[in-house]
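What follows is the residue order along each chain.
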Amino acid sequence: MADAVTASARAVVDLDVTGHRISRHIYGHFAEHLGRCIYDGFWVGEDSAIPNERGIRLDIVEALRALDIPNLRWPGGCFADTYHWRDGIGPRDQRPRIANTNWGDVVENNHFGTHEFMDLCDLLGADAYVNGNVGSGTVQEMADWVEYLTRGDDSPMARLRRQNGRDEPWKVPFWGLGNEAWGCGGNMSAAHYAEEARRYATFCHDHGGNRLTRIAAGANEDDLEWTRVLMKTLMECHGCTLYGNLPYQAVSFHYYTHSGSGINTEDATAFDESQFYDTMAYATGMERVIRGHVAVMDSYDPQNRVSLVCDEWGTWWNAEQGTNPGFLFQQNTVRDALVAGVHFDIFHRYARRLTMANIAQTVNVLQAMILTDGENMVLTPTYHVFEMNKGHQDAEQLVTHVLDAPSRSVGGEELPLLSMSASVKDDRALLSLTHLSADADCTVSVDLRGRDASVLRARVLTGESTTSFNDAEHADRVAPVALEAAVRDGALVLTLPPHAFATVELQLA
Ligand code: AHR
């Protein structure tokens, strides 16, 4: 626990200066056919003793609904570029089996397919983000999938959907044009992929009232050249300029956090203080990466027509001992929660251009919200950050400045130990504070400028140490509790314990 040291920090929030709307889709999720995310995660099958609706596990649905989950990306990831959607429709016992060559080299029975995914989205109340196959698919196959999902009349694909039991078309707002085309999605050059993305997108039609946001598979981390080529190819498209339509409306990028030695090189729960700080420094690197992509996009698209989407983010540690390394099952500690807290502050700051983000992944894979073991279900520390922060969804940015915060030298650079962001919706402000010191308390005084405010609720999430986690025996070891916070003389004053994430809800006069 905390030693005797108490640091102090000062911050300012302009409660009357609102900025861009923070899209709720920044709180999006990702479910791949990988390890136990779908099978033995979301999907238990209709005959399971675990309570389910049409095969979908209900305790998971309930937990995610409590987060106001805005969207779910599926079926990959790398899996998306090996997935042929016709394998996953029709009677389950007649669906072909395929090899999942990316993840554990296991055999996939295709019992969870298009109808099951759309059913899951309906149960969650979440928008569908379907990721199509560019790497090993065809333009026609992708065009047919869009038609199958979203067309209402008696076109060939709409008929096929009806034969499989679904009369009405679904709404699909988000469509991915392949994944990691620079790697598992086909090892393409940026120039080649950019042409492919334009071609595939052209044939992904808006049927009836459905409007697709087509998302081009973007860069790895700070590969700004990839983004530059995508943007140039998009904005210089002759036909698109002629008719005023852009073939794709967003470009993505992926950013995974570790402590600097690479993904999949160290344990989720066994790490020392220096690895903890290295991880936090890596997490704050998200800001440099987003700033870079935004600068490139601004130069090609000053009108802000094209969105930036971070459709894979999160920590990537060694798989837990005794589990299939290809299943990417990892525990989730206070350290992971703080990575999420820092990322959300950054996402909020770049809300003008960044309109969606998807944590990898929702259940039993990488930085998960939920871990299951048979009938047991555990909510991770990261889950609680999503819950505590959900008031930022579709709220308006508030300008915040952190002044006089403690910092620490990490790898020759100063790492600020306090991260913060704020938003306002309906005369209620939400402040989020992530405190990165491993061992000291920090008393924070936040000048609340522009409007009078009173504290409605303050909560804090922390644990005995940065390595604390939840499991079936200790499901609430890391869970939010009330935090003392008060407004005095126009300043919000609170003391944060070490390695903590806190939120304060304010009523504005
Ligand atoms: O999320 C796991 C994998 O990480 C995804 O399949 C891939 O896109 C990325 O490399």
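My aim in this report is to walk through the structure given alongside it, one point at a time.

Rules behind the numbers
Residues numbered from 1 in each chain as written. Predicted model: local features only at pLDDT ≥ 70, side-chain atom pairs only at ≥ 80, totals over all residues. Heavy atoms only, no water. Helix = DSSP H or I, 4+ residues; strand = E, 2+ residues; numbered from the N terminus. Rg over C-alpha atoms; globule rule 2.2 N^0.38 Å. Buried < 20%, exposed > 50% of the residue type's maximum accessible area, 1.4 Å probe, protein only. Contact = heavy atoms within 4.5 Å. Areas by Shrake-Rupley, 256 points an atom, 1.4 Å probe, with all protein chains shown as cover. Lys, Arg positive; Asp, Glu negative; His and termini not counted. Charge placed at Lys NZ, Arg CZ, Asp CG, Glu CD. Disulfide = S-S within 2.5 Å. Pairing = 2+ DSSP bridges. Axes fitted to C-alpha atoms, helices over the stretch in contact; angles between N-to-C directions. Phe/Tyr/Trp six-rings, centres within 6.5 Å; stacked < 30°, edge-to-face > 60°. Near = heavy atom within 4 Å. Polar contact = N/O pair within 3.5 Å; in protein donor to acceptor, adjacent residues only side chain to side chain. Expected span 1.5 Å × (residues − 1). Salt bridge = Lys/Arg side-chain N within 4 Å of Asp/Glu carboxyl O. Right-handed = clockwise from strand over helix to strand, strands pointing away. Core = buried A, V, L, I, M, F, W, Y, C linked by side-chain atoms within 4.5 Å.

1. Remarks on the overall build of the protein chain
Here is step 1: Check the secondary structure of the protein chain and you find ten helices and 26 strands.
Here is step 2: Since a compact globule built from 509 residues should have a radius of gyration of about 23 Å, the 23 Å found for the protein chain is in line with a globular shape.
Here is step 3: If one aligns the C-alpha atoms of the protein chain with their principal axes, the spans along those axes are about 70 × 55 × 45 Å.
Here is step 4: Relative to its 509 residues, the protein chain shows a buried fraction of 59%.
Here is step 5: Sequence separation of 24 or more characterises 77% of the internal contacts of the protein chain that already satisfy a separation of 6 or more.
Here is step 6: For the protein chain, the exposed surface amounts to about 19100 Å²; the carbon and sulfur share of it is 47%.
Here is step 7: Averaged over its 41 positive side-chain charges, the protein chain has a centre that lies 7 Å from the centre of its 70 negative ones.

2. Section: the state of the cysteines
Here is step 1: On inspection of all chains with the given rule, the structure shows one disulfide.
Here is step 2: Between the sulfur atoms of C78 and its disulfide mate C184 the distance is 2.2 Å. Across the disulfide from C78 to C184, rotation about the S-S bond amounts to roughly -85 degrees, and the bridge is consequently left-handed. Highlighted residues: C78 in the loop between β5 (71–74) and β6 (98–100) and C184 in the loop between β9 (174–177) and α5 (190–202), separated in sequence by 106 residues.
Here is step 3: The thiol of C310 is unpaired, and the distance to the nearest cysteine sulfur, on C78, comes to 15 Å.

3. Some thoughts on the sheet that holds strand β20 (residues 428–435)
Here is step 1: Taken in spatial order, the ten strands line up as β23-β22-β26-β20-β19-β16-β1-β21-β25-β24 in an open sheet, and their pairing is mixed. Only two strands of the sheet have a single neighbouring strand rather than two, namely β23 (481–482) and β24 (485–488).
Here is step 2: Bridge count for strand β16 (residues 396–403) against strand β19 (residues 418–425) is three bridges, and the pairing is antiparallel. If you follow E396 over to β19, its bridge partner there is V424.
Here is step 3: Strands β20, β22 (453–461) and β26 (500–508) of the sheet are contacted by helix α10 (residues 381–388), whose axis makes an angle of about 170 degrees with β22.

4. Overview of the packing of aromatic side chains
Here is step 1: According to the stated counting rule, one finds 22 aromatic pairs in the structure shown.
Here is step 2: Ring geometry for Y256 against W316: centres 4.8 Å apart, planes inclined by 75 degrees, an arrangement best described as edge-to-face. One end of the pair, Y256, is in strand β11 (residues 250–257); the other, W316, is in the loop between β12 (307–315) and α9 (334–349), and 60 residues separate them in sequence.
Here is step 3: Among the aromatic side chains, those forming a connected cluster through ring pairs are W43, W74, F79, Y83, W85, F112, F117, W145, Y148 and W175.

5. Details of the site of the ligand
Here is step 1: What surrounds the ligand is a group of 14 residues, the closest being E32, C78, E180, Y256 and E312.
Here is step 2: In this structure, E32 approaches the ligand through a side-chain N or O atom, which is 2.7 Å from an oxygen atom.
Here is step 3: Residue C78 places a main-chain N or O atom 2.8 Å away from an oxygen atom belonging to the ligand.
Here is step 4: Starting from 280 Å² of accessible surface for the ligand in isolation, the protein chains cover 94%.

6. A closer look at the environment of A194
Here is step 1: On the secondary structure map, A194 appears in helix α5.
Here is step 2: Once residues within four sequence positions are removed from consideration, A194 is found in contact with V229, L230, T233 and Y248.

7. A word on helix α3 (residues 139–150)
Here is step 1: Its twelve residues place the ends of α3 17 Å apart at the C-alpha level, agreeing with the 16 Å of an ideal helix rising 1.5 Å per residue.
Here is step 2: Summarising burial for α3: eleven of the twelve residues are buried, a large majority.
Here is step 3: Within α3, burial applies to V139, E141, M142, A143, D144, W145, V146, E147, Y148, L149 and T150.
Here is step 4: Next to the buried residues of α3 lie β5, α2 (114–124), β8 (127–132), α4 (156–163), β9 and α5.

8. A closer look at the side chain of D471
Here is step 1: Its place among the elements puts D471 in the loop between β22 and β23.
Here is step 2: When its relative accessible area of 18% is taken as the criterion, D471 is described as buried.
Here is step 3: In contact with D471, other than residues within four places in its own chain, are Q331, V378 and R477.

9. Focus on the pattern of salt bridges
Here is step 1: The tally for this structure, following the rule as stated, stands at 36 salt bridges.
Here is step 2: The closest approach of N and O atoms between R95 and E116, which form a salt bridge, is 3.1 Å. A residue pair is termed long-range when its members are at least 10 positions apart, and R95 in the loop between β5 and β6 and E116 in helix α2 qualify at 21 residues.
Here is step 3: By relative accessible area, E116 is classed as buried at 5%.
Here is step 4: Here R288 makes a salt bridge to D222, at a shortest N to O gap of 3.1 Å. Residue R288 is found in helix α8 (residues 273–300), and its partner D222 is found in the loop between β10 (213–220) and α6 (224–235); the two are separated by 66 residues along the sequence.

10. Topic: the sheet that holds strand β2 (residues 28–30)
Here is step 1: Pairing is parallel around the closed barrel formed by eight strands, whose spatial order is β2-β5-β8-β9-β10-β11-β12-β13. Recorded for the sheet is a direction-independent mean angle of 30 degrees between the axes of neighbouring strands.
Here is step 2: In terms of strand pairing, β5 meets β8 through four bridges, oriented parallel. What sits directly across from R73, in β8, is Y129.
Here is step 3: Here α3 sits on the sheet and contacts β5, β8 and β9; the angle it forms with β9, its principal contact strand, is near 170 degrees.

11. Quick notes on the pairing of β10
Here is step 1: By the criterion of burial, β10 is predominantly enclosed, with six of the eight residues buried.
Here is step 2: Direction of pairing for β9 relative to β10: parallel, over a ladder of four bridges. Looking at the pairing, L177 lines up with A216 of β10.
Here is step 3: Chirality of the crossover, the property in question, places the unit of β9, α5 and β10 among those that are right-handed.

12. Topic: the nonpolar core
Here is step 1: Counting 120 residues, the largest nonpolar core has W175, L177 and Y193 as its most contacted members.
Here is step 2: Membership of the second largest hydrophobic core comes to 28 residues, among which are V13, A429, V446 and A502.

Everything listed here is a matter of geometry and, on its own, says nothing about what the molecule does.
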